[in-house]
Amino acid sequence: MTDLDLEDDEDYKGNSASEPWHGKVPEALAGVRVDQALATLLPEYSRNRLQNWIRTGNVLVNGQSVGVRDKVWGGESVTVFPEADPATQPNEPEEIPLDIVFEDPAILVINKPAGLVVHPGSGNHKGTLLNALLHHTPGAAELPRAGIVHRLDKDTSGLMVVAKTLKAHTDLVRQMQGRTVKREYLALVQGEIDRPGTVDAPLARDPIHRTKRAVHPMGKNAVTHYTIEERFPSSTLVRCSLETGRTHQIRVHMKHINHPLIGDKTYSNVRRGRAMTFPRQALHATKLALNHPYTGERMEWSTPLPQDMEALLSVMRAGGTWGG
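Here goes a summary of the coordinates provided. (Residues numbered from 1 in each chain as written. Predicted model: local features only at pLDDT ≥ 70, side-chain atom pairs only at ≥ 80, totals over all residues. Heavy atoms only, no water.)

Another point: helix α1 (residues 34–41). Of the residues making up α1, those classed as buried are Val 34, Asp 35, Ala 37, Leu 38 and Ala 39. Where α1 is buried, its residues contact α2 (47–55), β2 (59–61) and β4 (77–80). (Buried < 20%, exposed > 50% of the residue type's maximum accessible area, 1.4 Å probe, protein only. Helix = DSSP H or I, 4+ residues; strand = E, 2+ residues; numbered from the N terminus. Contact = heavy atoms within 4.5 Å.)

As structure tokens, then:
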């Protein structure tokens, strides 16, 4: 999994890699190869891993083993038995400073800085939030993903909640699925937005660029609400609240309405060659609310914009522009 797969914020479902996956092939995938269908149904796994599982009999279609080049026609029952990637190394605890906003025996709320990868992946086996949690929290190694229940992209800053016990992890995952965890983000986007609105557009993995997401009619439901915080001649500061937690949701939705995030080199409309003076997507998770996993008490935290985004806003307020 690359850094670009670790964003905003595809919530973890709590399944371990060893649990079988069951599903049906949608009619829209009729006529495609088994490995291609699985790549659509299970985008969290690489095509190569899926092909290897097909070859080793870890994929059953209507209860039977299949070949990589066999085709599906819609309606088939599929079972996948994932296996751990043999190239994956055990995660090691690392003493990495954490900006802790709140902590008790059940949960940990942190203010993640831009540049910190949440979970080890391809090319990022050290220096991640997970490595830091293994060092900080006793027993974190016994929890799914060391207690991480949702994600922020490497270059997105802001609030995250982490479970410290299995009970808390199970409860937080259920809250994520039940949408009782509320998250708000501040984003500085290109262009002037006149009024608040909602983007209701399904998201799927981009069929061409596999590390990107795109609006697609066969994608997962995704809803982003936005209001206007501050306007500038060439940009707008918006507050986004999520009904769903899809990978890259805010970034793709804002691009979909022709207002991509400033500094977003993946989804920007800016042509190559024009300066992108802000070094990351201007996105900060500023507010987090949830029910405490043990007491049921409604809790809420907020954190101000980081220094780099405040400096960018100061430039805007002084009449500057974002593009050089």
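There's more to say after this.
The antiparallel open sheet is built from 4 strands, whose spatial order is β1-β4-β2-β3. Edge positions in the open sheet fall to β1 (21–24) and β3 (64–65), since each of these has one partner strand only. Relative to β4, β2 runs antiparallel, the two being bridged by 3 bridges. Opposite Leu 60, over in β4, you have Thr 79 as the bridge partner. (Pairing = 2+ DSSP bridges.)

Our next topic: the environment of Ile 96. Relative to the helices and strands, Ile 96 is located in the loop between β4 and β5 (100–103). Taking the C-alpha atoms as reference, Ile 96 lies 7.8 Å from Asn 131; in sequence the two are 35 residues apart. Excluding residues that lie within four positions of it along the chain, Ile 96 makes contacts with Gly 127, Thr 128, Asn 131 and Ala 132.

Counted under the stated rule, the structure contains 9 salt bridges. One salt bridge connects Asp 35 with Arg 33, and the closest N-O pair in it is separated by 2.8 Å. Across the salt bridge formed by Lys 287 and Glu 300, the nearest N and O atoms sit 3.4 Å from each other. Within this pair, whereas Lys 287 is found in strand β14 (residues 283–291), its partner Glu 300 is found in strand β15 (residues 298–302), the two being separated by 13 residues in sequence. For Lys 287, a relative accessible area of 27% translates into the label partly exposed. (Salt bridge = Lys/Arg side-chain N within 4 Å of Asp/Glu carboxyl O.)

The final tally for this structure, using the stated rule, is 2 aromatic pairs. Measuring from ring centre to ring centre gives 4.9 Å for Tyr 45 and Trp 53, while their planes differ by 75 degrees; the resulting arrangement is edge-to-face. Residue Tyr 45 is classed as buried on the basis of its relative accessible area, which comes to 17%. Each ring, one from Phe 102 and one from Trp 301, has its centre 5.4 Å from the other, and the planes form 45 degrees; the classification is tilted. Here Trp 301 lies in strand β15 and Phe 102 lies in strand β5, a separation of 199 residues in the sequence. Taking relative accessible area as the criterion, Phe 102 reaches 21% and is therefore assigned partly exposed. We classify Trp 301 as buried; its relative accessible area is 9%. Lys 167 extends its terminal NZ or CZ atom over the ring of Tyr 294, reaching a point 4.4 Å from the ring centre. (Phe/Tyr/Trp six-rings, centres within 6.5 Å; stacked < 30°, edge-to-face > 60°. Lys NZ or Arg CZ within 6 Å of the ring centre and 35° of its normal.)

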